[in-house]
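Report on the structure
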Amino acid sequence: GINIAADEVYNNKMLDEALWEICLKNEMSYEILMNHELRKYEFITFKGADRSTDQTENPHIIFSKTFRNVNTQSYIDDKSNYKSTPYIAGEGEGDNRTILRLNDNLSGFKRREIFFDARDLQSTYKDENDNEITLTPSQYQALLQERGFNRLAEYGRIQTFKSDSDSNSQYMFEEDYYLGDRTTSRNDTLNLVVHSRIVVVKETYNRQGYSLKLEFGSAEPKLFDKLKKVIKNGGA
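The structure displayed is predicted, hence computed values, not measured ones. (Residues numbered from 1 in each chain as written. Predicted model: local features only at pLDDT ≥ 70, side-chain atom pairs only at ≥ 80, totals over all residues. Heavy atoms only, no water.)

Bringing the overall build of the protein into the picture now. Assigned secondary structure in the protein consists of 3 helices and 13 strands. Viewed in the frame of its principal axes, the protein has a C-alpha envelope of about 65 × 55 × 35 Å. For the protein, with 236 residues in total, the buried portion stands at 31%. For the protein, the exposed surface amounts to about 15,600 Å²; the carbon and sulfur share of it is 49%. Mean positive and mean negative side-chain charge positions of the protein (32 and 38 charges, respectively) differ by 7 Å. (Helix = DSSP H or I, 4+ residues; strand = E, 2+ residues; numbered from the N terminus. Buried < 20%, exposed > 50% of the residue type's maximum accessible area, 1.4 Å probe, protein only. Areas by Shrake-Rupley, 256 points an atom, 1.4 Å probe, with all protein chains shown as cover. Lys, Arg positive; Asp, Glu negative; His and termini not counted. Charge placed at Lys NZ, Arg CZ, Asp CG, Glu CD.)

Running from N to C, helix H1 (residues 15–25) and helix H2 (residues 137–152) cross one another at 80°; their axes reach a closest spacing of 8 Å. With respect to each other, H1 and H2 are oriented roughly perpendicular. Of the residues in H2, those in contact with Glu-21, Ile-22 and Lys-25 of H1 are Glu-146, Phe-149, Asn-150 and Arg-151. (Axes fitted to C-alpha atoms, helices over the stretch in contact; angles between N-to-C directions. Parallel < 35°, antiparallel > 145°, perpendicular 65-115°, else oblique. Contact = heavy atoms within 4.5 Å.)

With that settled, consider the sheet that holds strand S12 (residues 192–206). Spatially, the 6 strands line up as an open sheet ordered S3-S11-S12-S13-S10-S4, and their pairing is mixed. A strand with exactly one partner marks an edge of an open sheet, and here the two such strands are strand S3 (62–63) and strand S4 (70–78). (Pairing = 2+ DSSP bridges.)

Here strand S10 (residues 158–165) lies mainly inside the structure; 6 of its 8 residues are buried. Both S4 and S10 contribute to a ladder of 8 bridges, which runs antiparallel. From the neighbouring strand, Val-70 faces S10, where its bridge partner is Ser-165. Across 6 bridges, the pairing between S10 and strand S13 (residues 209–217) is antiparallel. Bridged to Lys-162 within S13 is Glu-215.

This part takes up the packing of aromatic side chains. Counted by the stated rule, this structure contains 8 aromatic pairs. Between Tyr-75 and Phe-161, the ring centres sit 5.0 Å apart and the planes meet at 40°, which makes this aromatic pair tilted. Here Tyr-75, found in strand S4, pairs with Phe-161, found in strand S10; they are 86 residues apart in sequence, far enough to count as distant. By relative accessible area, which is 1% here, Phe-161 ends up buried. Judged by centre distance (4.9 Å) and plane angle (45°), the ring pair of Tyr-205 and Tyr-210 falls under tilted. With a relative accessible area of 63%, Tyr-205 lands in the exposed category. With relative accessibility at 30%, the residue Tyr-210 sits in the partly exposed group. Members of the aromatic cluster, connected to one another through ring pairs, are Phe-63, Tyr-171, Phe-173, Tyr-177 and Phe-216. (Phe/Tyr/Trp six-rings, centres within 6.5 Å; stacked < 30°, edge-to-face > 60°.)

This part covers empty space enclosed by the protein. According to the stated counting rule, one finds 1 cavity of 30 Å³ or more in the structure shown. One number sums up the size of the largest cavity: a volume of about 40 Å³. Of the residues belonging to the lining of the largest cavity, the class tally is 4 nonpolar, 1 polar and 3 charged. (1 Å grid on protein atoms, 1.4 Å probe; cavity = no way out; pocket = protein on both sides within 12 Å on 5 of 7 lines; lining within 4 Å. Points joined across faces, edges and corners; volume = space filled by probe spheres on them. Nonpolar A, V, L, I, M, F, W, Y, C, P; charged D, E, K, R; others polar.)

On the surface, Ile-32, Met-34, Tyr-41 and Phe-43 cluster together into a nonpolar patch covering about 450 Å² of accessible area. Taken together, the elements giving at least two residues each to the nonpolar patch come down to strand S1 (29–35) and strand S2 (40–46). Residue position: Ile-32 is located in strand S1. (Patch = residues over 30% accessible without salt bridge, like charges linked within 9 Å, V, L, I, M, F, W, Y side chains within 5 Å. Salt bridge = Lys/Arg side-chain N within 4 Å of Asp/Glu carboxyl O.)

This part is about the sheet that holds strand S5 (residues 85–89). Read from one edge of the open sheet, 3 strands run S6-S5-S7, paired in mixed fashion. The open sheet has two edge strands with one neighbour each: strand S6 (99–101) and strand S7 (113–117). Strand-to-strand, the axes of this sheet are offset by a mean angle of 20°, without reference to chain direction. Here S5 pairs with S7 via 5 bridges, running parallel. Its bridge partner being in S7, Ala-89 is matched across the sheet by Asp-117.

In structure tokens, the structure reads:
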């Protein structure tokens, strides 16, 4: 039921990394599950529903201390890794190299540039039948643009709400909302309203009872993820 068209080309890249780039750009995810009856793996995509106040199709889910469904709440706004204007360099050498710029209209503090090497994308290649295919300039430019937006999704602004949710509130997890759903988080003290997806759910059962912690927006990158990204970009 996810009607998103994706026309992607990757060379010499791990399949799961390529699929995750596509999912990240389209705010969706996937699972690979074993179907024991058919004795094969099944590739399943999923995308949470929009339950924010930004839409009118579904009932609104709002997390706020004002509504008494959140016990504690913290907010992180991290722009240290944020990039807005990528240079995607394709085939060619020197002055003849094809370079595409995205979001080139941005300036000042809104313009944060990054370079992506896309030399693996060539305008001439051979298909599975060993026939030589040549892309038109516009087709090749569209290919570079798609690669640029895919990579740019990894460098978004990190906006994360962490909430210790009241398990006895008016909203019940996996009844009124689910992991991956887009909801609204409010902090009236900061005069802040953010429409974002639930990216982490932590349920705890112990002697004190049941607790539910939710994380909205972009999951905080771990040290390993940061190092991997630096290595991926050649130490830049």
